[in-house]
Structures are given as structure tokens and as C-alpha cells.
Amino acid sequence: MQVEDYDVVVVGGGHAGVEAAAAAARNGVETILLTDDYSALGKMSCNPAVGGLSKGQIVLEIDALGGLMGAATEKTGIQFKMLNKSKGAAVQSPRAQCDRKLYQRCIQQKVENIDHLSVSEDRVIDLFVKNDTITGVKTVSGVEYRADSVVLATGTFLNGKIFIGLQNYPGGRRGEPASSRLAERLKEFGFKTARLKTGTPPRLDGRTVDLNRLREQSGDVPPPFFSYYRQSQRRNQRPCWLTETNPRTHDIIRSGLDRSPLYGTEEIEGHGVRYCPSIEDKIVRFPDRDSHNIFLEPEGLQTKEIYANGMPTSLPVDVQVDLIRSIDGLEEAFITRWGYAIEYDYIQPTQLHATLETQDIDGLFLAGQINGTTGYEEAAGQGLVAGVNAAARSKGEEDFVLQRTEAYIGVLIDDLVTKGTNEPYRMFTSRAEHRLQLRYDNAHYRLLPRAAARGLVSRETIKAFEREQAQRDERADQLDKKRVSPGSEAEKKLSKAINEQLDLDEGKALSELLKRPEVDVQKLQEAGLIELDLNQRVLEHLGVEIKYEGYIKRQQRQVQKQRRLEEKKIPTGFSYDKLSELSNESIEKLSRVRPDTVGQAERIPGIKPTDVQIIMAHLKGSGS
């Protein structure tokens, strides 16, 4: 057997895998990424888009931590939009339509240029474990890769099965084999697994779509950003188009349900994505709806292929043809790729620590859809955290844990390891109780110092960040000092900009005026009170910080209170059944999740405040 030695082995070349491998290598440890298909690194298996509600924040957090996704999006995006612009800053999120092939090529080029990182095309079939500690992996080629840490980022490949109507076959993605042997080995090691399901819609030949009959959807000008320090020149943005299903479409779908693996044959057992259901799910679950939106999104600059967002399906191909051609503008549409569903194994994530290391096998980390999540962004965020911790274990450094009070990635991981999931987990702003502090505009202020402490970002990036901090302080001082007097020309210009009379009874600083709902940075610029050549991103960030200052301070007090519980560690192997004051139900839940901190214990569903007090009292009494 050929034996190779590395510090970290990463299994899987999807969004979780490439971020894990890149993060580990940036920590200076020798890392190898093993993937079934070298050319598919960073492949966008489903829609060619990055970001969205709360997902955009995750991408900015990944970028602040030195990850790849934000910079690749900047370079390959073909349409950029800010979602929820009419709502508050806490729930606004950027989204970008990308060129699928360019994005994949960009990720591959970045991976190939990272020091301490090697990539090999090989399939992992076994794990080597000794004394409950990972020691390496074995591949189908017969190679043993020894390592201190292993990250499994297998996506939908664990016992993956593809469904199109009555047809089904093993596969991790269409045209790629499933990973069955590794799935069985994980079960043999005692991991609790279950099945989940996701799907993808048909792709269409854009030359056969009548775009003139569809509603055009344009990008934002100026476009929102996805990377703070690696922004590239933006191309001319490409439009998307909107159409919708109709009663005839719904009748066609109903006529094919008897041959649906979801409803007819009921061969699919796993739970699907609640917030991104298949088109047949929509018709069954919402029978009173006459239509559902379908967004037609270009796959890239050099292709005519279009992604039919809004209609993932596993219906038979003849039904897919009929339903597509029943839609306005798609009467002559040619399907280039059939929609399909995929069912796969995942590991119940309550078996993990907040570092994403498994509780029962030291040195084994899991990231991405193997943990029950859905979405490129959720996968990439987990991959980065797993990669940093895998490297930290190899180097003997302390754990890297993102709290739910400091990052959406922290909310994501805490939800998974504390509550688990029985359906594909998707991030939403509503899941974050401190979302006013977790905005897209302040991700680098929150996380870049932590990235710098771990060596995840370059010295040049750190210097740029320090310059921006100094610039922010200077701009804040200017906003505090510059005043608008009653009856002044400045008051008249600002009144015109906001389309209402200010009626000042005394002079007001610009920072005070920014706290009014009708005043923002753009209005101050329109009135000529702020120079137009100043750093727009810094100004907008300051505008939000000033406008919501009172609410932000209130959340900061809540965060400080929560931090005390997060800092109180629960020793490994802590025996809850010795606490006679706890109910049997509480003992069962605490023993199953095995929380790392008192804060995590408090968030386990069903755990009462009195349970937390009992644990705290015991830890204090034992000197822990």
C-alpha cells in the first residue's frame, strides 16, 4: 500500500471542501484535498447564484475570514442585487448571479495557488481509527493518507440516489457516482444517520425562450459588494427574466403525480427543503394558488443555457416537457438538462462539537450537507470553520469557535449541534436573535481581527483594514462636528433632498440628523453635505451604526450577558445522571447533545432555566 503523510486530509471538492482545505493550508499545515473529479472543484451543482437572504451575510463573513467564495463571486458575477432594500439594514442581503463555468474555474485557480495545499483525484472508501482517534483515510486506488485531522465534506454523495420519474439510480450528482462504502463505514463507527432530499430544475436552451414575453429583472446600480479588499472590475450586468406557472401547468403536474417518486411511488423517504420545495410539492401543498413565480437565470456569459429557478422537480421527462411548454414564453422551450431529485445520507449534527469535530472520534470533522444543511453558503461557512479547527488540532492550538452573537456562521453551527435537524437546514435572518449586529456591511469589522489572529488573511489585507478603520473614525468625527443651522442654505438643501421640511429649532450635527428615519447618507450627499468622493462603503456603514445606535447598544448588553454563559465550559464526559435535581427528560436531552458550554445547554429545546442553574451550581461546587 502506498502511504502518504499530511497534517490534514479534506474529502470532497465542493464548496465546503475547498474552503476547509484552503483554511487549513493558510494555517501553514500540509493539507491534501481528495476529490472524485479534479475538474469539478467548486462546482455549482444547482443554481448559478451566491448569496440571498442571510446567505449574503455568510458570504461576507467567509470573505472577512479569508475565504474564497466572496472574491470568486466578485470576479465572476454577472448580476448583483440587494434584497430587502425597502426594509431595515438588519435584514438586507446581497445576491449575485454568477457565470457557472467561470466561478468553477476561478475557485480551481485559487486552490491551485495556495501554499501547503495539494489536490488529488481519488475516492475515499475507508477511515482509519485507533483508540477513538482518526489516523487517516484509504482510497479506492489503495493509497493510505495518514493525517492528524480529517474533514469529511461529502455533500450529497453519501449513498446518493437520483430520481427522475420512475427511473432511479445511485449517484452523488447526475453523471457522478455515489459514495456507498464510506457511508456504510460511518454507520459501522456508530454515527446516527438519516435521509434527506433535494432537487434541481430543468435547464433550458435560451434560444428557444421567447424573452420578449417575459418580465425583465435587472441588477442594481451601483451593485452591492461581496468582497472587501479583492474587488475586481464589474462587467456589464446581465438581466434575468420572470414568468409564472398557470392552472394548465398545475393540471399537467397533477396528471403526472402517479409517476412521481415523491407522491406516486413514494420511493423518496427523506425530507425535502421546506423553503425551496419542488414544483409538485407546491401544487400539492398550495392547491388554491393559481400561479407560482419562475425566475429564468442565465448560466453564464458564453452559454445560452438558462436555469429555471423555482421549479425543481423529479417528475418524468415527458411531464417535464409538457409543464415547461405550458408556461408563458416557454411554449417552444427545449430542455437541455432534466430536473431530478437526489436523496442522500446525512449525519445527525448533534453528534458534533461547535468546532465541527465529532464527539466520538477525535480529529474527524464534518462540514456541509453531510451535516444536514442546504446551500453553497452554509456549506462553505462550515468548511472554513472545520478547516481552521482541523489545522488547529494538528498544531496543538486552541479551538476556533464562532459564537451566534458574532456571526451567522456561528448561528448556523450552534443550531446544528444544539438542536439537530430532520430537514435540510437553511439559514434565515430570523434565526439570529442579534441580527442587527450581524449585518452584511460590518462583517469585516466583526471577524477580520479574528482572522488576522489565526493567520487566515494576508498582511496586506490587515493593513488595508487598519487604514479603513482609521478612515471610519475620521468620517465619524466629521459627522459629529459638521452642523446644520436653522434657516441655513444647508437646511433648505436637505429639506429638498428628503422632500419635507426639516424645521430645525437649533443647530444639529449630521450624526444627529442621520438618526431621523427620512435621512440617510445618500440624502446628505444629495444635499451636498458630504463629499461624493469619500469611501461610500464606510459612509453607509457609519450611517447604519449611527441610525440604530440605541438598538445596537441594547443588543450589546444582551451579548455580554450571554457571553458569560458561553465562557463557562462543561467538562468532557460530564455525567448529568448524577444530578438528582434534574428530571429524566432533561438528563436524556443533555446526555444526547453533550453541550460544550452552559450557554449551549441553555439553548437545547426543552431545557429549563432551573436546569441551567443546577448545572452552574454543580460546576461551581466542583471547581470546574
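Counting starts from 1 at the beginning of each chain's written sequence and moves along it residue by residue. Since the coordinates come from a predicted model, pLDDT governs what is reported: local features require at least 70, and pairs of side-chain atoms require 80 or more to be given and counted, while whole-chain, interface and lining totals use all residues. With hydrogens and water set aside, each side-chain value is computed from the structure's full complement of heavy atoms.

**Q** Quick rundown of the overall build of the chain? Include the residues and the values.
**A** Secondary structure assignment for the chain yields 20 helices and 24 strands. Computation of the radius of gyration draws on C-alpha atoms, with the globule rule given as 2.2 Å multiplied by the number of residues to the power 0.38. Compactness check: the chain gives a C-alpha radius of gyration of 26 Å against a globular reference of 25 Å for 624 residues, within 12% of the reference. Based on the C-alpha atoms only, the size of the chain along its principal axes is roughly 80 × 75 × 50 Å. Per-residue burial over the chain gives 58% buried out of 624 residues. Sequence-distant contacts in the chain: of pairs separated by 6 or more residues, those separated by 24 or more amount to 73%. Total accessible area computed for the chain in this model is approximately 26,200 Å², and 45% of it derives from carbon and sulfur atoms. In this description a helix means any DSSP run of H or I spanning at least four residues, a strand means any run of E spanning at least two, and both kinds are numbered starting from the N terminus. Classification of residues uses two cut-offs on accessible area relative to the type maximum, computed with a 1.4 Å probe and protein chains only: under 20% is buried, over 50% is exposed, and between them is partly exposed. Any two residues whose heavy atoms approach within 4.5 Å are treated as being in contact. Note on areas: these come from Shrake-Rupley sampling with a 1.4 Å probe, and a residue is covered only by the protein chains present in the view.

**Q** Pulling in residues and values, what's your account of the packing of helix α2 (residues 55-64) against helix α3 (residues 69-76)?
**A** The contact between α2 and α3 brings their axes to 7 Å, and the two run at 110°. With respect to α3, the element α2 is oriented roughly perpendicular. Facing α2, whose interface residues are Val59, Ile62 and Asp63, α3 presents Met69, Gly70 and Ala71. For this scheme, ten residues count as nonpolar: Ala, Val, Leu, Ile, Met, Phe, Trp, Tyr, Cys and Pro. Four count as charged, namely Asp, Glu, Lys and Arg, and the remainder, Gly too, count as polar. Here the residues of the contact of α2 with α3 sort into four nonpolar, one polar and one charged. Axes here mean lines fitted to C-alpha atoms, for a helix over just the part in contact, with angles spanning 0 to 180 degrees between N-to-C directions. Each angle receives one of four descriptions, namely roughly parallel if under 35 degrees, roughly antiparallel if over 145, roughly perpendicular if within 65 to 115, and oblique otherwise.

**Q** Got a sec to walk through the side chain of Thr374? Specific residues and values, please.
**A** With respect to the helices and strands, Thr374 occurs in the loop between β22 (364-366) and α9 (376-395). With near-sequence residues (within four places) excluded, Thr374 lies in contact with Lys55, Val273, Pro424, Tyr425 and Arg426.

**Q** Give me the nonpolar core: which residues, what numbers.
**A** If you look at the biggest cluster of nonpolar residues, it comprises 121 residues, and the most contacted ones within it are Val9, Leu152 and Leu364. At nine residues, the largest contribution of residues to this core is made by α9. Setting aside anything within four residues of it in sequence, one finds Leu152 in contact with Val11, Leu127, Leu182, Leu186, Leu364, Phe365, Leu366, Ala367 and Ile370. Working definition of a nonpolar core: buried Ala, Val, Leu, Ile, Met, Phe, Trp, Tyr and Cys residues. They are joined through side-chain atoms within 4.5 Å. Of all hydrophobic cores here, the second largest spans 22 residues; its members include Leu204, Leu296, Ala308 and Val319.

**Q** Which residues make up the sheet that holds strand β3 (residues 31-35), and what values do they have?
**A** Pairing between sheet strands relies on hydrogen bonds along the backbone, with the strands arranged either parallel or antiparallel. Between any two strands, pairing holds if DSSP finds at least two bridges. Taken in spatial order, the five strands of this open sheet run β7-β3-β2-β11-β22, and their pairing is parallel. Across the chains shown, the open sheet's two edge strands, defined by having one partner strand only, are β7 (117-121) and β22. Put simply, the sheet's adjacent strands are angled 20° from each other on average, direction ignored. Packing against the sheet, α9 makes contact with β2 (8-11), β11 (149-152) and β22, and its axis sits at approximately 165° to β11.

**Q** Describe the domain arrangement of the chain, listing the residues and the values that go with them.
**A** How far each domain reaches was decided by an automatic or database domain assignment. By the assigned domains, the chain splits into domain 1 (2-198 + 344-453), domain 2 (203-340), domain 3 (474-551) and domain 4 (568-621). For domain 1 and domain 2, the distance between their C-alpha centres works out to 26 Å. Taken together, the contact between domain 1 and domain 2 spans 56 residues of the former and 53 residues of the latter. Where domain 1 abuts domain 2, roughly 4,600 Å² becomes buried across the two surfaces, and 55% of that area is made up of carbon and sulfur atoms. Throughout this description, the term salt bridge denotes a Lys or Arg side-chain nitrogen within 4 Å of a carboxyl oxygen of Asp or Glu. Connecting domain 1 to domain 2 are five salt bridges. A salt bridge links Arg95 to Glu297; its shortest N-O distance comes to 3.2 Å. For the side of domain 1 that touches domain 2, a count of residues per class yields 23 nonpolar, 17 polar and 16 charged. When two parts are put together, the accessible area they lose, computed with a 1.4 Å probe and summed over both, is reported as buried area.

**Q** Go over helix α1 (residues 15-26) with me, naming the residues and quoting the values.
**A** Structural remark: α-helix, 3.6 residues per turn; residues separated by three or four positions point the same way. The end-to-end C-alpha distance of α1 is 17 Å, a good match for the 16 Å that 12 residues give at a rise of 1.5 Å each. With 11 of 12 residues buried, α1 is to be regarded as a mostly interior element. Among the residues of α1, His15, Ala16, Gly17, Val18, Glu19, Ala20, Ala21, Ala22, Ala23, Ala24 and Ala25 are the ones counted as buried. Just downstream of α1 lies Gly28, where phi reads positive at about 90°. Here, expected helix span is obtained from the residue count minus one, scaled by 1.5 Å.

**Q** How would you summarise helix α4 (residues 100-112) if you had to cite specific residues and measurements?
**A** Over its 13 residues, α4 runs 19 Å from end to end, which matches the ideal 18 Å to within 8%, given 1.5 Å per residue. Looking at α4, one finds that the buried residues are Arg100, Tyr103, Gln104, Cys106, Ile107, Gln108 and Val111. One side-chain oxygen at the N-terminal end of α4 lies 3.2 Å from the backbone nitrogen of Lys101; it belongs to Asp99. Under this definition, polar contacts are N or O atom pairs within 3.5 Å; protein pairs additionally need one hydrogen-donor-capable and one acceptor-capable atom, and for neighbouring residues in sequence, both atoms have to be side-chain atoms.

**Q** Before we move on, can you summarise the pattern of salt bridges with the specific residues and values?
**A** Pairs may arise between side chains of opposite charge once their charged atoms sit close together. Across all of its chains, the model carries 49 salt bridges by this definition. Of the charged contacts, one joins Arg195 and Glu343 as a salt bridge, the two residues approaching to 3.3 Å between their closest N and O atoms. Pair noted here: Arg195 is in strand β14 (residues 193-200) and Glu343 is in strand β21 (residues 340-347), with a separation of 148 residues, a long-range link. For Glu343, a relative accessible area of 3% translates into the label buried. Through salt bridges with shared partners, one network takes in Arg404, Asp414, Asp415, Lys419, Glu433, Glu566 and Arg603.

**Q** Tell me about the sheet that holds strand β1 (residues 2-5), and name the residues and values.
**A** If you trace the four strands from one edge of the open sheet to the other, you get β1-β10-β9-β8, paired in mixed fashion. Whereas interior strands pair on both sides, the edge strands pair on one side only; in this sheet they are β1 and β8 (124-130). Shown here is a sheet whose adjacent strand axes are inclined to one another by a mean of 25°, direction ignored. With four bridges joining them, β1 and strand β10 (residues 143-146) adopt parallel strand pairing. Its bridge partner being in β10, Val3 is matched across the sheet by Glu144.

**Q** How would you sum up the side chain of Glu468? Please name residues and give values.
**A** By the element assignment, Glu468 lies in helix α12 (residues 459-481). Separated by 3.1 Å, the side chains of Glu468 and Tyr445 make a polar contact.

**Q** Help me get a handle on the pairing of strand β18 (residues 293-298), residues and values and all.
**A** If a strand is regular, its side chains alternate between the two faces of the sheet. Sheet topology places strand β17 (residues 240-244) next to β18; four bridges connect them, and they run antiparallel. Paired with Thr243 across the strands is Ile294, a residue of β18. Summarising the sheet, β18 and strand β19 (residues 305-309) pair through four bridges and their orientation is antiparallel. Looking across to β19, one finds that Glu297 is bridged to Tyr307. Connecting β18 to the antiparallel partner β19 that follows it, the hairpin turn spans six residues.

**Q** Describe the packing of aromatic side chains, naming the residues involved and giving the relevant values.
**A** Only rings of Phe, Tyr and Trp enter the pairing, Trp through its six-membered ring, and a pair is recorded when the two centres are within 6.5 Å. The plane angle decides the type: under 30 degrees is stacked, over 60 is edge-to-face, the rest tilted. Applying the stated criterion across every chain yields a total of seven aromatic pairs. Arranged with centres 5.4 Å apart and planes meeting at 40°, the rings of Phe225 and Tyr440 form a pair that is tilted. Placement of Phe225 in the loop between β16 (215-217) and β17 and of Tyr440 in the loop between α10 (408-419) and α11 (443-453) is noted, with a sequence separation of 215 residues between them. For Phe225, a relative accessible area of 9% gives the class buried. An aromatic cluster of at least three residues, connected via ring pairs, comprises Phe225, Tyr228 and Tyr440. Here, a charge over a ring is recorded when the distance from Lys NZ or Arg CZ to the ring centre is within 6 Å and its angle to the ring normal is within 35 degrees. Between Arg431 and the ring centre of Tyr425, over which it is positioned, the NZ or CZ distance is 4.3 Å. Directly above the aromatic system of Phe225 lies the positively charged group of Arg537, at a separation of 5.3 Å from the ring centroid.

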